[in-house]
Amino acid sequence: MLYECRTFDNDRYLSENGNPPERCAPLQTVGINGGASAGAACQMVTDQCQRIAEGGLCAGWKQRLREAESQLRFGPADQRGNAQVEVERVGRIVRESTCGQ
């Protein structure tokens, strides 16, 4: 299954997990005098995910493969091994589905 998820700040991403973990969304803080604060605060939020309908799965998986390939090419060098594994895994999903035909 593939999900399109939306973050608290309206970014979108594809995920195989429809129930992502909570994340800390930064909150703007002010000092006692109303000026800039030296502190930081956040609110725990959960990304909202919807399952991609059958008609959009091929496009979604192909996009997911392009994203994985981009991470392999342009991501941090110390994560290239994991990125290569992900490219191979998602590529296999695309090839072995009706999308690859």
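The structure we're discussing is the one just above.
Being a predicted model, the structure only gives us computed values, none of them experimental. (Residues numbered from 1 in each chain as written. Predicted model: local features only at pLDDT ≥ 70, side-chain atom pairs only at ≥ 80, totals over all residues. Heavy atoms only, no water.)

Colleague: With reference to specific residues and values, describe the state of the cysteines.
Modeller: According to the stated counting rule, one finds three disulfides in the structure shown. Paired by a disulfide, cysteine 58 and cysteine 99 hold their sulfur atoms 2.1 Å apart. Across the S-S bond linking cysteine 58 and cysteine 99, the dihedral sits near -95°, which makes this disulfide left-handed. Here the residue cysteine 58 occupies a position in helix H1 (residues 57-74), and cysteine 99 occupies one in the segment after helix H2 (80-96), the gap between them amounting to 41 residues. The exposure class of cysteine 58 is partly exposed, given its relative accessible area of 27%. Under the relative-accessibility criterion, cysteine 99 is labelled buried at 9%. When the bonded cysteines of the chain are numbered from the N-terminus onward, they pair as 1-4, 2-3, 5-6. (Disulfide = S-S within 2.5 Å. Helix = DSSP H or I, 4+ residues; strand = E, 2+ residues; numbered from the N terminus. Buried < 20%, exposed > 50% of the residue type's maximum accessible area, 1.4 Å probe, protein only.)

Colleague: Any chance you could break down H1 for me, citing the residues and the numbers?
Modeller: In this model H1 runs 25 Å from its N-terminal to its C-terminal C-alpha over 18 residues, within 8% of the 26 Å that 1.5 Å per residue would give. Here H1 has its buried residues at Leu57, Gly60, Trp61, Arg64, Leu65 and Ala68. Looking down the long axis of H1, one finds its buried residues gathered within 140° of arc, a one-sided arrangement. The outward face of H1, more than 90 degrees from its buried face, is lined by the exposed residues Ala59, Arg73 and Phe74. Tucked inside the fold, the buried residues of H1 contact strand E2 (12-15) and H2. (Expected span 1.5 Å × (residues − 1). Arc of directions from axis to C-beta. Contact = heavy atoms within 4.5 Å.)

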